[in-house]
Amino acid sequence: MKFNLLHPADQIVQIMNRIYDSGLTTTSGGNLSIKDDNGDIWITPGGIDKGSLTRADICHVFPDGKIVGPHKPSVELPFHSSVYEKRPDIRAILHAHPPKLVAFSVVRKLPELNIVSNSRRTCGSLTIAPYAVPGSEKLGDNISAEFAKGFNIVVLENHGVVIGGENLFECFMRFETLESTARLQINANKVGKIKTFADSELNLSVTRDHLIMDDFVPNKHTPEECAVRRDMITLIKRSYRCGLFGSTRGTFSARLTDGSFLITSYGVDRAYMTEDDLVLIKNGMKEAGKVPSRSVMLHKRIYEKHPEIRSVIGAEPPHAMAFAVTDTEFDPRTIPESYIQLRYVQRVNFSSVYVDIEKVADMFSERTPVLICENNQILVSGESLLNAFDRLEVCEATAKSIISACDIGEMVHISEDEVKEIDKAFNLK
Ligand SMILES: [Zn+2]
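Residues numbered from 1 in each chain as written. Predicted model: local features only at pLDDT ≥ 70, side-chain atom pairs only at ≥ 80, totals over all residues.

K.L.:
Even after reading the chapter, I still don't get the overall build of the protein, so can you show me in this structure?
P.N.:
For the protein, the helix and strand inventory stands at 14 helices and 17 strands. Against the 2.2 N^0.38 benchmark of 22 Å for 429 residues, the protein shows a C-alpha radius of gyration of 23 Å, consistent with a compact globule. Dimensions along the principal axes, computed over C-alpha positions, put the protein at roughly 75 × 60 × 40 Å. Taking all contacts inside the protein whose residues are at least 6 apart in sequence as the whole, residues at least 24 apart take part in 69%. (Helix = DSSP H or I, 4+ residues; strand = E, 2+ residues; numbered from the N terminus. Rg over C-alpha atoms; globule rule 2.2 N^0.38 Å. Contact = placed C-beta atoms within 7 Å.)

This is the structure we're talking about:
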C-alpha cells in the first residue's frame, strides 16, 4: 500500500488509529494535520473520540478560512497554520502527549538521540519550547518560533511534542522513534550509565553497500519460497504489533534450501508489509526493482559462515536495547528458558557492524546465538524462522524482567552447577 495514494483524511485516520492503538495518545489528546497541494489544511476535530475517528470526522480548512465538516477543528489549528506559514517545506504536523516523552517534558529535558544510530538518523535534532496555555496564541508563537529555526521536532514543556515532516508518515516515524528512544533511555537509566556515540561515528552507519548489488529477475517462485515469504510476513507484522520492530526499523531474513535468502526491504512500513516487499538475494544479486535492508551484506556473511543458521533478525527491542546503550552485562541466567534460548550473549562495538562484518559474522555459534551491537541493535540467529523470532521475544522478555528486578531487589542468577544441570538435561554444548 502506497501511503501517498491515500486521501489526506484517510491518512489522518490511519495514523491516528496507529497512535491511539499503541497507547501514545488518549481519547481527547493529540491532533494531526496535512497541508495539501492546494494549500488546504485537513485536521482532526476537537473533542471527538480519537479511538473511533472516521474520514467524515476530519475538518477541511480552506485558505480563506472556510471550514467544511461536521465538527469544529482542533483548538490547536492556529499553531498548525502558523507552522505551515513559517515552513513551506512542512506538509504535515503531528501533535500528541506520548507518556515517556511527556516524562521528559515535565522534567524539562530532551531525550538523548545519540544512543541509537537509527534514532539519530530518523529524528535528526530536536528542541524544547517554553510552556504556554494550550490553544493560546502564545503557545503557537513559541512553537512556530522553534520551527522557524529549522527544527522538525519541538518538545513542549509540561505538555507533549509537535513534529513536522514532508508527509504524515514521516512525522509518524519520527514520533514513534522518539517515544521509543525516550522509553529506552528511561529503561537504560535503571541498569547502568548510558553511553552515547559521537556524530563522526554516525557517518559510518550511512553505508550504501546494498545499492551496488546487481539485479536479477526471478523466473519462478518455488512453493518453499512462497511459504517462507508468507511466514515471514506473519512474524514481521507480529513483531511490529509487539513493539519489537518499528514502522521502518527491524530487519528479518530467512535462508532457503538452495542457499538464497529473503530479507525485508529498506524503508517499507512493517505494519503493512506484504510478501512482495521481501527481497530475494541469490548468488550475490538482489531481486530487480527492490532495495534490501541496509544490513543485507552482514546477513549474507552470517549465512555463508554458518550453514546451521536459517534465520537472522536485527531489532531494537526497548528493554534488551538498555544493555546495548550501557556497559552493563546482559546475563540471561535468570530462568532456565532464557538461558536455554540465549546462552552466552556477546557484545560487539558500534562500528563493527559497518566496518568489520567478518568479525561480527564469526562471533555467532551454538553457544552465542545472540549479539548485542552497542548503540545499534540486537542481532538474533535461529535454526528456523520461528526459532529466531522466539529468541528475540525471549531476549526482550528476559531484559524486561531484569530491569523490573532492579526496582525490587538483588537478582540471584542460576548458579554454575545449575547451569551444568540444564546443559546436561537439554544436551547443550
Ligand atoms: Zn496537546
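The rest of the description comes next.
K.L.:
Could you clarify how one ought to interpret the domain arrangement of the protein in this entry?
P.N.:
Frequently, the measure chosen for interface size is the accessible area that the parts lose on association. Here the protein is described as being made up of domain 1 (3–191) and domain 2 (202–425). For domain 1 versus domain 2, the separation of C-alpha centres amounts to 32 Å. At the interface, 16 residues of domain 1 touch 19 residues of domain 2. Among the elements of the structure, helix H4 (117–123) and helix H6 (168–191) are those that each provide at least two residues to the side of domain 1 that touches domain 2. The element contributing the most residues to the side of domain 1 that touches domain 2 is H6, with eleven residues. (Domains from an automatic or database assignment.)

K.L.:
Whenever I open this one, the pairing of strand E16 (residues 370–373) confuses me. Can you help?
P.N.:
Regular strands place their side chains on alternate faces of the sheet. In E16, alternate side chains face the same way, and those of Val370 and Ile372 on one face and Leu371 and Cys373 on the other are all buried. Bridge count for strand E15 (residues 346–348) against E16 is three bridges, and the pairing is parallel. In the strand pairing of E16, Val348 is matched with Cys373. Note: E16 against strand E17 (residues 377–382), four bridges, orientation antiparallel. Residue pairing in the sheet places Ile372 in a bridge with Ile378 of E17. (Buried ≥ 20, exposed ≤ 12 C-beta atoms within 10 Å, placed from the backbone. Pairing = 2+ DSSP bridges.)

K.L.:
Hey, could you run me through the pairing of strand E10 (residues 251–255) in this one?
P.N.:
Here E10 lies mainly inside the structure; five of its five residues are buried. Neither face of E10 is left uncovered, since the one carrying Thr251, Ser253 and Arg255 and the one carrying Phe252 and Ala254 both have all their residues buried. Here three bridges tie E10 to strand E11 (residues 261–264), and the two strands are oriented antiparallel to one another. Looking across to E11, one finds that Ser253 is bridged to Ile263.

K.L.:
Would you take a moment to explain the environment of Ser144 for this structure?
P.N.:
With respect to the helices and strands, Ser144 occurs in helix H5 (residues 137–148). Residue Ser144 is classed as buried on the basis of its C-beta count, with 22 C-beta atoms lying within 10 Å. Sequence separation between Ser144 and Tyr84 is 60 residues, and the spatial gap between their C-alpha atoms is 8.7 Å. Filtering out sequence-adjacent residues up to four positions away, Ser144 remains in contact with Phe79, Ser82, Val83 and Lys86.

K.L.:
Teacher, can you tell me more about the sheet that holds strand E7 (residues 153–156) here?
P.N.:
What links the strands of a sheet is backbone hydrogen bonding, and the strands pair in either a parallel or an antiparallel sense. On the basis of which strands lie adjacent, the open sheet formed by eight strands has the order E4-E3-E2-E1-E5-E8-E7-E6 and mixed pairing. Each edge of the open sheet is held by one strand with a lone partner, namely strand E4 (67–68) and strand E6 (127–129). Strand direction decides the pairing type here: strand E1 (residues 31–35) and strand E5 (residues 92–96), joined by four bridges, are antiparallel. Within E5, the position partnered with Leu32 by the bridge is Leu94. In the packing of helix H3 (residues 99–106) onto the sheet, contacts are made with E7 and strand E8 (160–165), and the angle to E7 comes to roughly 65°. (Axes fitted to C-alpha atoms, helices over the stretch in contact; angles between N-to-C directions.)

K.L.:
Would you explain unusual backbone geometry in this entry?
P.N.:
Trans is the prevailing form of peptide bonds, just as negative phi is the prevailing case for residues other than glycine. Unlike most non-glycine residues, Asn283 shows phi in positive territory, near 50°. Phi is positive for Asn375, close to 55°, though the residue is something other than glycine.

K.L.:
Would you explain the nonpolar core in this entry?
P.N.:
Within soluble globular proteins, side chains that are nonpolar generally end up buried alongside one another. If you look at the biggest cluster of nonpolar residues, it comprises 62 residues, and the most contacted ones within it are Met232, Leu262, Ala322, Ile378 and Cys395. Ranked by residues supplied to this core, first place goes to helix H13 (residues 385–408) with nine residues. Split by domain, the residues of this core number at least three in each of domain 1 (3–191) and domain 2 (202–425). With near-sequence residues (within four places) excluded, Ala322 lies in contact with Leu184, Asn187, Ala188, Val191, Ala399 and Ile403. Counting residues in hydrophobic clusters, the runner-up holds 51 residues, among them Ile34, Val83, Ala129 and Ile153. (Core = buried A, V, L, I, M, F, W, Y, C linked by C-beta atoms within 7 Å.)

K.L.:
Even after reading the chapter, I still don't get the sheet that holds strand E14 (residues 311–315), so can you show me in this structure?
P.N.:
Read across the open sheet, the nine strands follow the order E9-E13-E12-E11-E10-E14-E17-E16-E15; overall the sheet is mixed. Both outer strands of the open sheet, strand E9 (215–216) and E15, are each paired with one neighbouring strand and no more. Of the strands in this sheet, E10, E11, strand E12 (278–282) and E14 touch helix H8 (residues 223–241), which is tilted by about 155° from E10. Contacts between helix H9 (residues 296–305) and the sheet are confined to E10, E11, E12, E14 and E17, with E11 contributing the most and set at about 150° to the helix.

K.L.:
Explain the environment of Glu304 here, please?
P.N.:
With respect to the helices and strands, Glu304 occurs in helix H9. Residue classification places Glu304 among the exposed positions, given that 11 C-beta atoms sit within 10 Å. Along the backbone, Glu304 and Ser33 are 271 residues apart, and their C-alpha atoms lie at a distance of 48 Å.

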